[in-house]
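Observations on the model geometry
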Amino acid sequence: MKASYVIKRILLTLFIFFVVVTLCFFIPRIGVDDPASRYYPAQTAGMTDAEYEAIKELVRQQYGLDGSTFQQYITYLGNLFTGDLGTSYTKNEPVIDLIAERLPWTLVLSVSNLLISLVIGVIIGTMAAWRRGRWQDRALLNASTFTTALPAFFIALILSFYLGFEWEIFPAYTDQNMVAGFDWSWEAISKVAYNASLPVFAMAIGSIVSYGQATRNSVIAVSEDDFILTAKAKGLSNNKVIYGHTLRNALLPIVTQFGMNVSTLIGGAVVIEQIFNWNGMGTLFLTANSNNDYPLMMGIMIFMSAFALVANLLTDFVYCLLDPRVTLGGR
């Protein structure tokens, strides 16, 4: 991997992050003359206009909205470089602390979904490719059509209705005491796994089929190469041919998809968290949006964007290591 490639990718990532920060700051303020107007108290009887204007000025100063929009932007950038994402207007707590509180619960769903989908999807896809045209292959193709037509939130609603409300196998809504009383004991971990079963299952169904389809297509494309035919001619067992030669050389599309899914670990479960009342980043963002909490909204969007950009950057580096032919602007 060339140093110039690494430097260019890092600089491009930093530039994109700067653009994201700028958009996150200005977009919520578009069409709003005074962002602090939502926080003004009602003007009581007997209060003069001058007194009420003084109160509004104090509110602007309290929330850091007394300067021009550009001045607020420069101040926000300066604070951002020190790791300060601001203070939530509604919760009166540092935004970074609120994110740190909710982030682990989102990762419980996202990481579980990612690992389960990757392992099962690769196994199913390899099996379908090796038995091309048989029932395993046809089942995967039919499942792909089914999951493409049905989004994850619709699958989540079906699972919640039948497995949660009708048959009561899993909880339809998350137990709120689970978050407050978590203490890393076996009982607490089991309770988290039990409450996370339906959300993870709802997210994993489509992801498993997606990984399986990508693996199938990649394995089929590689299986006709000369080195695979040579391995078969040498009399190697099917397992060695599949897992030692074919799958190893079919990893690039899977790595690409894995990197894209890693970049959505935080923001990819917003609707699922709402359906199952899971206290993660998605629920926190929707609450901030409904309350017009600017610092909290911006902090969450910037954190999600930074996570996605770093994940994509690392994916590019891994891709380059797996295939040295990949270069930036190469001919």
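Source: prediction; values computed, not measured. Per-chain numbering applies: the sequence of each chain, read as written, is numbered from 1 onward. Owing to the predicted nature of the model, reporting of local features is limited to residues with pLDDT of at least 70; listing and counting of side-chain atom pairs is limited to 80 or more, with chain, interface and lining totals taken over all residues. Neither water nor hydrogens contribute to the side-chain values; these are computed over all heavy atoms in the structure.

Turning to the side chain of Thr215, a few remarks are in order. Mapped onto the secondary structure, Thr215 falls in helix 8 (residues 186–223). Beyond its immediate stretch of four places on either side in the chain, Thr215 contacts Gly121, Val122, Gly125, Thr126, Leu247 and Ile254. Think of it this way: any DSSP run of H or I at least four residues long counts as a helix, any run of E at least two long counts as a strand, and we number them from the N terminus. Residue contacts follow a heavy-atom distance rule, with two residues in contact if any of their heavy atoms lie within 4.5 Å.

A few words on the packing of aromatic side chains. Any pair of Phe, Tyr and Trp rings, taking the six-membered ring for Trp, is counted once the centres come within 6.5 Å. Such a pair is stacked with planes under 30 degrees apart, edge-to-face with planes over 60 apart, and tilted for the rest. The tally for this structure, following the rule as stated, stands at 11 aromatic pairs. Here the aromatic rings of Phe70 and Tyr73 are separated by 6.5 Å at their centres, their planes lie at 45°, and the arrangement is tilted. Placement of the pair is Phe70 and Tyr73 together in helix 3 (residues 69–81), with a separation of 3 residues, close to one helical turn. Each residue is assigned to one of three classes by its accessible area relative to the maximum for its type, calculated with a 1.4 Å probe on protein chains only: buried under 20%, partly exposed between the two thresholds, exposed over 50%. With relative accessibility at 56%, the residue Phe70 sits in the exposed group. Chaining the aromatic ring pairs together yields one cluster made of Phe25, Phe26, Phe70, Tyr73 and Tyr76.

What follows covers helix 1 (residues 3–26). An ideal rise of 1.5 Å per residue puts 34 Å on 24 residues; helix 1 measures up with 35 Å between its terminal C-alpha atoms. If you check which residues of helix 1 are buried, you get Tyr5, Arg9, Thr13, Val20, Val21, Thr22, Cys24 and Phe25. Given a helix with a known number of residues, its expected span is that number minus one, times 1.5 Å.

This next bit is on the environment of Leu247. Relative to the helices and strands, Leu247 resides in helix 10 (residues 238–249). We classify Leu247 as buried; its relative accessible area is 12%. In sequence terms Leu247 and Gly83 are 164 residues apart; their C-alpha atoms lie 42 Å from each other. The contact partners of Leu247, leaving out residues within four places of it in the chain, are Val122, Thr126, Thr215, Val219, Ile242 and Ile254.

Throughout, the protein atoms alone are placed on a 1 Å grid, and a set of points is a cavity if a 1.4 Å probe fits but cannot get out or a pocket if it is open with protein on both sides within 12 Å along at least five of seven lines; lining residues have an atom within 4 Å of a point. Grid points are joined across faces, edges and corners, and a volume is the space filled by probe spheres set on the points. Within this model, the largest pocket holds a volume of roughly 450 Å³. In terms of lining, the largest pocket is formed by 23 residues, of which the most central are Tyr63, Gly64, Gly86, Tyr89 and Pro295. Those elements that place two or more of their residues in the lining of the largest pocket are helix 3 and helix 14 (294–322). Examining the composition of the lining of the largest pocket, we find that 5 residues originate from one element, helix 3, more than from any other.

This next bit is on the domain arrangement of the chain. What the domain assignment lists for the chain is domain 1 (3–81) and domain 2 (95–322). Contacts between the two partners involve 19 residues from domain 1, matched on the other side by 15 residues from domain 2. The term salt bridge refers to a side-chain nitrogen of Lys or Arg lying within 4 Å of a carboxyl oxygen of Asp or Glu. For the pair domain 1 and domain 2, the number of links is 1 salt bridge. Counted as a polar contact is a pair of N or O atoms within 3.5 Å, where, for protein atoms, one must be capable of donating a hydrogen and the other of accepting one, and residues adjacent in sequence contribute only when both atoms are in side chains. On the surface where domain 1 and domain 2 come into contact, there are 1 residue pair in polar contact (both at pLDDT 80 or more). Put simply, the parts of the chain that give the side of domain 1 that touches domain 2 at least two residues each are helix 1 and helix 3. Sort the elements by how many residues they give to the side of domain 1 that touches domain 2 and helix 1 lands first, with 11 residues. In terms of residue class, the side of domain 1 that touches domain 2 is built from 15 nonpolar, 1 polar and 3 charged. Domains are outlined according to an automatic or database domain assignment. Put simply, Ala, Val, Leu, Ile, Met, Phe, Trp, Tyr, Cys and Pro go in the nonpolar bin, Asp, Glu, Lys and Arg in the charged bin, and everything else, Gly too, in the polar bin.

A separate point is the pattern of salt bridges. One pass over the full model with this rule turns up 4 salt bridges. Across the salt bridge formed by Asp316 and Arg9, the nearest N and O atoms sit 2.3 Å from each other. Taken together, the residues Asp316 in helix 14 and Arg9 in helix 1 connect sequence positions 307 residues apart. Overall, the relative accessible area of 22% leaves Asp316 in the partly exposed class. Overall, Arg9 belongs to the buried group, its relative accessible area being 16%. Ionic pairing is found between Arg60 and Glu57, a salt bridge with its closest N-O pair at 2.9 Å.

Turning next to a nonpolar patch on the surface. Nonpolar side chains (Val, Leu, Ile, Met, Phe, Trp, Tyr) within 5 Å and like charges within 9 Å form the patches, drawn only from residues with over 30% relative accessible area and no salt bridge. To measure how exposed things are, a 1.4 Å probe is used in the Shrake-Rupley method; for residues, cover is taken only from the protein chains shown. A surface patch of nonpolar side chains, about 1,100 Å² in accessible area, is lined by Phe153, Phe154, Leu157, Ile158, Phe161, Tyr162, Phe165, Trp167, Ile169, Tyr173 and Val271. It is helix 6 (residues 152–166) that provides the largest number of residues to the nonpolar patch, a total of 7 residues. Inspection of the secondary structure assignment puts Phe153 in helix 6. The exposure class assigned to Phe153 is partly exposed, which follows from its relative accessible area of 40%.

Bringing unusual backbone geometry into the picture now. In most cases, non-glycine residues show a negative phi, while peptide bonds are predominantly trans. Of note, Asn92 is a non-glycine position whose phi angle comes to about 55°, a positive value. For Asn92, the position within the fold is in the loop between helix 3 and helix 4 (95–130). The phi dihedral of Asn277 is positive, around 55°, even though this residue is not glycine. In this structure, Asn277 sits in the loop between helix 12 (270–275) and helix 13 (281–290). Accessibility expressed as a relative area gives 33% for Asn277, which makes it partly exposed.

Side-chain atoms within 4.5 Å are what join buried Ala, Val, Leu, Ile, Met, Phe, Trp, Tyr and Cys residues into a set we call a nonpolar core. Within the largest apolar cluster, 32 residues are counted, with the highest numbers of intra-cluster contacts made by Met281, Leu296 and Ile300. Those elements giving two or more residues to this core turn out to be helix 1, helix 2 (49–62), helix 3, helix 4, helix 13 and helix 14. For this core, the element with the most residues is helix 14, which contributes 7 residues. Each of domain 1 (3–81) and domain 2 (95–322) accounts for three or more of the residues forming this core. Setting aside residues no more than four positions away along its own chain, Leu296 makes contact with Ser88, Val95, Leu98, Leu284 and Ala288.

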